[in-house]
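If you want the building blocks of each chain, they are given just below.
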Amino acid sequence: MKQILVINGPNLNLLGKREPGIYGSQSFEAYFETLQATFPDVHLTYFQSNHEGALLDKIHEFGFVGDGIVINAGAYTHTSVALGDALSAVPAPAVEVHISNVHAREAFRHHSYLSAKCKGVIVGMGLMGYELGIRYLVSL
Ligand SMILES: O=C(O)[C@]1(O)C[C@H](CCCOc2ccccc2)[C@@H](O)[C@H](O)C1
C-alpha cells in the first residue's frame, strides 16, 4: 500500500475558522476524511505544525520511508530555505500545494523556496489541490 504524507504549515490549523473568502469554510480535518475515502488503497498521513523545525523533522522522518509528500508550507513557502533543503534531502517526491492562487495575490507570495524541489506545484484549486497532488503521486 502506498504511503503519502499530507503536511500543512503555519496557520493552516485555522482553515474553516477564519478567512473563508480566501481559504474556504471547511476544516482540514473534515476534508482529510473525504481524502481518505477517495483513496481507500493509499495510506494517508496528515501532519500540521506552526513550527518550522517540526515540519523539517516530519519530512526527514517520512521522506526516507514514504512514497510521496503533498506539502502546503503556508507562509514558510516564501521564507524557508531549510524546508526546500529538506525536500531535496529525502527520496520521497513532493508536490507543493496552495489553496489560493498565490500568483494573483501580493508579490511576496509569488516566490517559493520549495517549488524547484518539487515534482510540481498546484495553486488556486482550493482544497482539491491536495487530492490532485495525491492522485499524481500515486500514479508514479
Ligand atoms: O494559499 C495557500 O495555501 C497558502 O499557502 C496559505 C498561506 C497562509 C496559511 C494561513 O491559512 C489560514 C487559513 C485560515 C485562516 C487564516 C489563515 C499563505 O501564507 C500562502 O501565501 C498561501
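Residues numbered from 1 in each chain as written. Predicted model: local features only at pLDDT ≥ 70, side-chain atom pairs only at ≥ 80, totals over all residues. Heavy atoms only, no water.

- Going by an unreviewed UniProt entry, the protein chain carries the name 3-dehydroquinate dehydratase and comes from Spirosoma oryzae.
- Under the heading Subunit (unreviewed entry), UniProt records this for the protein chain: "Homododecamer."
- Taken directly from UniProt, the Catalytic activity (unreviewed entry) text for the protein chain runs: "3-dehydroquinate = 3-dehydroshikimate + H2O". (UniProt positions renumbered as here; feature names shortened; annotations may be inferred.)

### Structural notes on the overall build of the protein chain
Inference 1: Each helix and strand counted, the protein chain has 5 helices and 5 strands in total.
Inference 2: Shown N-terminal to C-terminal, the secondary structure of the protein chain runs as helices and strands in the order β-α-α-β-α-β-α-β-β-α.
Inference 3: The globule rule puts the C-alpha radius of gyration for 140 residues at 14 Å, and the 14 Å found for the protein chain is close to it.
Inference 4: On the principal axes, the C-alpha backbone points of the protein chain span a range of 35 × 35 × 25 Å.
Inference 5: Here the protein chain holds 140 residues, and the buried ones make up 45% of them.
Inference 6: Put simply, 78% of the contacts in the protein chain that link residues at least 6 apart link residues at least 24 apart. (Helix = DSSP H or I, 4+ residues; strand = E, 2+ residues; numbered from the N terminus. Rg over C-alpha atoms; globule rule 2.2 N^0.38 Å. Buried < 20%, exposed > 50% of the residue type's maximum accessible area, 1.4 Å probe, protein only. Contact = heavy atoms within 4.5 Å.)

### Looking at helix α3 (residues 52–63)
Inference 1: When the terminal C-alpha atoms of α3 are compared, their 16 Å separation across 12 residues agrees well with the 16 Å that a helix rising 1.5 Å per residue should span.
Inference 2: Of all the positions in α3, only L55, L56, K58, I59, F62 and G63 are classed as buried. Each buried residue of α3 lies within a common arc of 165° when the element is viewed along its axis, so the set occupies one face. Turned more than 90 degrees away from the buried face of α3 sit D57 and E61, all of them exposed.
Inference 3: Contacts from the buried residues of α3 go to β1 (2–8), β2 (42–48), β3 (68–72) and α4 (81–89). (Expected span 1.5 Å × (residues − 1). Arc of directions from axis to C-beta.)

### A look at the pattern of salt bridges
When charged atoms on two side chains of opposite charge get close, those side chains can pair.
Inference 1: Scanning the model with the defined rule gives 5 salt bridges in all.
Inference 2: A salt bridge links E106 to R109; the nearest nitrogen and oxygen atoms lie 2.5 Å apart.
Inference 3: Classification of E106 by relative accessible area gives partly exposed; the value is 38%.
Inference 4: A salt bridge links E131 to R135; its shortest N-O distance comes to 2.7 Å. Here E131 pairs with R135, and both are found in helix α5 (residues 128–139), just 4 residues apart, close to one helical turn. (Salt bridge = Lys/Arg side-chain N within 4 Å of Asp/Glu carboxyl O.)

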